[in-house]
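# Close look at the chain arrangement
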Amino acid sequence: MEFRQIVYFLEISESGTFQKAASRLGLTQPALSKQIFLLEKELGVSVLERGGRSVRLTHEGEKFYQYSIRMKELWEEIQNGFSKENELKGNYSISAGGTVSAWILPQILKEILKSRQGLSLSVREGDATETKNAVLKGEVDLGILTGPITDSSLNVLEFLSDQIFPCAAKDHPIFLKKKIRIEDLKKQSFVFFHPGSALRKAVEKKIKSFSKEFSSNIAMELRSVESVIKSLEAGLGIGFLSEYSMNPKLKKIKFEDWNVERKFYLCYRKKSGPGLTMLAEEILRSAEKWRLEKETFPN
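What comes next is a walk through the structure. The model shown is predicted, which means the values in this text are computed figures rather than measured ones.

With that settled, the discussion passes to the nonpolar core. Grouped together as the largest cluster of nonpolar side chains are 29 residues, with contacts concentrated most on V203, F240, L241 and I253. Of all elements in the fold, only β6 (154-169), α8 (182-185), β7 (189-193), α9 (198-210), α10 (225-233) and β9 (238-242) reach the threshold of two or more residues within this core. Apart from the residues within four sequence positions on either side, F240 is in contact with I164, F165, P166, F190, V191, F192, F193, L199, V203, I207 and W258. Within the second largest apolar cluster, 27 residues are counted, among which are I108, L109, I144 and Y244.

This is the structure:
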């Protein structure tokens with residue numbers, strides 16, 4: 001018995017005639033009939049009852065049909081197990097914050113799409129709350145959030161770690177000091193992200209750990225990373241940026257005990273299909289490769 005004979009039998013069963021089945025399979029009707037004859041000869045029973053133009057399953061054919069379905073499913077499972085890369089197809093949407101959307105995802109997704117001809121990806125920028133809600137409501141397939149994430153309806157995979165630094169334009173007066181302390185920042189104007197930003201929440205938590213009475217002079221509250229960077233470059237204040245979005249026009253403000261790290265996580269609904277799991281795993285692999293390349297060849 002050959003597996004193709006099982007495929008032919010299933011096609012005839014579903015089509016109802018040899019003629020339709022032969023057309024769908026790209027065979028001549030005599031060639032198809034011969035394969036079914038050989039199948040029945042090997043089984044020792046008739047599985048199809050020919051009558052006029054149509055065919056129907058015999059009693060033995062009904063039993064064999066159930067076996068054939070199971071064999072086909074098993075064959076597909078075997079193929080899936082050995083060809084995961086080829087399975088990654090379809091349209092998927094991703095939501096992430098500004099830093100990830102602008103400085104991390106473009107290179108990672110570019111690498112993935114090179115070898116995935118049937119894959120289409122779209123990215124929506126949103127803050128932590130917007131991203132999480134979009135994932136939970138099914139508006140996007142995959143979200144990238146900062147931890148901790150405790151929602152039991154989500155699969156959560158660690159993505160990347162990120163360091164956040166205070167920084168300013170290279171010619172900012174703060175750099176005239178030989179030693180900069182947290183108290184020195186109290187006299188400065190700040191360019192902050194908007195209150196819903198995960199980065200801002202992490203920074204404010206750290207600042208309060210230094211001084212509960214710290215009151216910052218907020219000159220600007222902005223939504224996009226690019227807006228914050230441009231404002232800092234213009235000397236409009238001190239800000240806090242991810243290590244991934246720093247550029248040569250800005251300089252880190254270093255002082256003792258400043259250490260703010262955040263972790264990004266890939267999140268998607270637990271009831272999602274296997275394709276989304278494969279996409280998440282592919283993004284993780286590409287992110288690790290990208291991270292290692294940055295460490296080897298830093299900007």
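What follows is about the packing of aromatic side chains. Each aromatic ring pair is specified by the distance between its two centres and by the angle formed by the two planes. Counted according to the given criterion, the structure contains 7 aromatic pairs. Between Y244 and W290 the ring centres are 5.4 Å apart and the planes differ by 40°, which places this aromatic pair in the tilted class. In this pair, Y244 is assigned in the loop between β9 and β10 (250-252) and W290 in helix α11 (residues 274-296), connecting sequence segments 46 residues apart. Of the two residues, Y244 and W290, neither departs from the other in class, the shared state being buried. Each residue in the set F190, F192, F240 and W258 is aromatic and connected to the rest through ring pairs, giving one cluster. Geometry around F175 places K251 over its ring, the cationic atom sitting 4.8 Å from the centre. Above the ring of F165, the side-chain terminus of K252 is found at 4.0 Å from the ring centroid.

Cut-offs used in this document
Residues numbered from 1 in each chain as written. Predicted model: local features only at pLDDT ≥ 70, side-chain atom pairs only at ≥ 80, totals over all residues. Heavy atoms only, no water. Core = buried A, V, L, I, M, F, W, Y, C linked by side-chain atoms within 4.5 Å. Buried < 20%, exposed > 50% of the residue type's maximum accessible area, 1.4 Å probe, protein only. Helix = DSSP H or I, 4+ residues; strand = E, 2+ residues; numbered from the N terminus. Contact = heavy atoms within 4.5 Å. Phe/Tyr/Trp six-rings, centres within 6.5 Å; stacked < 30°, edge-to-face > 60°. Lys NZ or Arg CZ within 6 Å of the ring centre and 35° of its normal.

Any functional reading would require information that these geometric values do not contain.
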